[in-house]
Amino acid sequence: MTNPLSEILQHLRRSVSHPRGAERTDGDLLACFVSRREQAALDALVRRHGAMVWGVCRRILSHHHDAEDAFQATFLVLVRKAHSVVPREMVANWLYGVARQTALKARTTAAKRRLRETQVAEMPEPETRPQDPLNELQPLLDAEVSRLPDKYRVVLVLCELEGKSRKETAGQLRLAEGTVASRLARAKSMLAKRMARHGPALSGSAVSAALARDATASVPDPVLSSTIEAASVYAAGQTTAGLILPPVAALTEGVMRSMMMTRLKTIVLISVMALPLCGLTGAAVSLGRTEQEPGKTREPTPLPEKKEAAKPAQEAKTADDVTDLRKARLDLAQKGYDVAVERIGLTKRMGNTLVYVGKPEEVYTWSVRLLQTEREMKPKRADQLAALEAHLKRMIQLQKAVKDLSRDLLPPGENLSAEWHRLEADLWLAQAKAK
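Quick caveat: nothing in here was measured; it's all calculated off a predicted structure. (Residues numbered from 1 in each chain as written. Predicted model: local features only at pLDDT ≥ 70, side-chain atom pairs only at ≥ 80, totals over all residues. Heavy atoms only, no water.)

Sorry, what's going on with the packing of helix α7 (residues 150-161) against helix α8 (residues 166-173) here?
Helix-helix packing is described using two parameters, namely the angle between the two axes and the distance between the axes. Where α7 meets α8, the axes come as close as 9 Å, and the angle between the chain directions of the two elements is 135°. On the basis of the axis angle, α7 is oblique to α8. Here the hand of the crossing between α7 and α8 comes out right-handed. Packed against α7, whose contacting residues are V154, V155, L158 and C159, the element α8 presents R166, T169, Q172 and L173 at the interface. Residues of the contact of α7 with α8, tallied by class, amount to five nonpolar, two polar and one charged. (Axes fitted to C-alpha atoms, helices over the stretch in contact; angles between N-to-C directions. Helix = DSSP H or I, 4+ residues; strand = E, 2+ residues; numbered from the N terminus. Parallel < 35°, antiparallel > 145°, perpendicular 65-115°, else oblique. Left-handed = near helix turned anticlockwise from the far one by under 90°. Contact = heavy atoms within 4.5 Å. Nonpolar A, V, L, I, M, F, W, Y, C, P; charged D, E, K, R; others polar.)

Here is the structure:
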């Protein structure tokens, strides 16, 4: 017969070992943090995924302190970019990618720093792990895992790196358990084949052993507690003096800039790829018209009423295509402008170093593109004036931002250039009103 007291004690143990938020899904926790900045949700995410992030940092970074910096920076990036994790249930997959990117940047920074040092440490930091053939294998595994398609990588991260069961993973991702099992098997197979390029072929069990070795490794308590405290203060927008060390702050900003550059390159790539596509579309339309011209030996005789009915439909379709393209270009111009403004906002002083990220000319260029597209889409006079007024407002904001930064960050000429753009926008609006 079951002892009631024993059941109560077991329930209490489960409550203590699973703090508030442990039963909620990653998507629920992330939504609570993004919408309400809920502290308990942030704590739960750090504790839930801390071991996986710590394992990535320790595999890539040989020095313990460098791993601490990368671990903390990874979750500070989560605080800043939590809204960009889509879908939200993929936060583990997202954190894995950010942790690897942060650890690689930390390794590069540490290597440069040690090259600049004039004295060689007489007592090098001892290895925290015994020599093991898997030590050389695991960084290669992380590199290959990062290249897997998301749908395979996420089940690998949850099942192998975080030690979740297939049932738990299926519940979190809202997938059938059989789907998780098949994707996991496929991910291991792909990984084993890719690892064969680096040496002897690995079996699926060997891949699992290499991946899962750090799955149960716990984050050192001081590292975990300091990270939770720093992330909480960082999320609240309060002063971080004493809580976030300069190397961690610099590493966080560096990763944020890299993510922004990646996003910007994606936008530019999409716009560049769209140009040939538009050209091919135009060529196809021209070719189609040529082929539809009546030949000398075969002259079609369509009914008049059908011909008249088809012509407006074709014109309407062409007009819709033009409208869709203009809308797509308007969206692209808005995204480009937002990215350029955000890059200006990242330009700041980090300690004694001036970090110049954004360029005012990029903001101006995208604002003009936005203006041109808005005026093309809305030919009415009132809409034309509204677009010019919006451009003027953007240039006034740019001039103010440049003025604030030019005191110690931007070259003096940037201030003059921003003032020129503001006067130009003012002139354009005045000329339009005078017509």
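How do you make sense of the nonpolar core when you look at a structure like this?
The nonpolar side chains of a soluble globular protein tend to be buried with one another. If you look at the biggest cluster of nonpolar residues, it comprises 70 residues, and the most contacted ones within it are M52, V53, F71, L78, W94 and L95. With 11 residues, the top contributor of residues to this core is helix α3 (residues 39-60). Once residues within four sequence positions are removed from consideration, F71 is found in contact with G50, V53, W54, C57, V219, V223, L224 and T227. Counting residues in each nonpolar core, the second largest holds 19 residues, with Y364, L392, L398 and V402 among its members. (Core = buried A, V, L, I, M, F, W, Y, C linked by side-chain atoms within 4.5 Å. Buried < 20%, exposed > 50% of the residue type's maximum accessible area, 1.4 Å probe, protein only.)

For this particular structure, what's the right way to read unusual backbone geometry?
Glycine aside, the phi torsion of most residues is negative, and most peptide linkages are trans. With an omega of -10°, the peptide bond running from V86 to P87 counts as cis. Among the secondary structure elements, P87 is positioned in the loop between α4 (64-81) and α5 (91-116). If you check the backbone angles, R37 has positive phi at about 55° while not being a glycine. Take R37: it is sitting in the loop between α2 (26-36) and α3. Within the chain, R174 stands out as a residue other than glycine whose phi angle is a positive 55°. Mapped onto the elements, R174 comes out in the loop between α8 and α9 (177-195). What makes R174 exposed here is its relative accessible area of 60%.

Looking at this structure, I do not really get the packing of aromatic side chains. What am I missing?
Within the structure shown, the criterion is met by two aromatic pairs. Their ring planes at 80° and their centres at 5.8 Å tell us that W54 and F71 sit as a pair that is edge-to-face. Here W54, found in helix α3, pairs with F71, found in helix α4; they are 17 residues apart in sequence, far enough to count as distant. For F71, a relative accessible area of 0% gives the class buried. Plain terms: the ring middles of F71 and F75 are 5.2 Å apart, the flat faces sit at 65° to each other, and that makes the pair edge-to-face. On the criterion of helical spacing, the pair formed by F71 and F75 is a turn pair, its members being four residues apart in helix α4. Here the aromatic cluster, defined as three or more aromatic residues joined through ring pairs, consists of W54, F71 and F75. When the ring centre of W366 is taken as reference, the NZ or CZ atom of R369 above it lies at 4.6 Å. Above the ring of Y337, the side-chain terminus of R394 is found at 5.5 Å from the ring centroid. (Phe/Tyr/Trp six-rings, centres within 6.5 Å; stacked < 30°, edge-to-face > 60°. Lys NZ or Arg CZ within 6 Å of the ring centre and 35° of its normal.)

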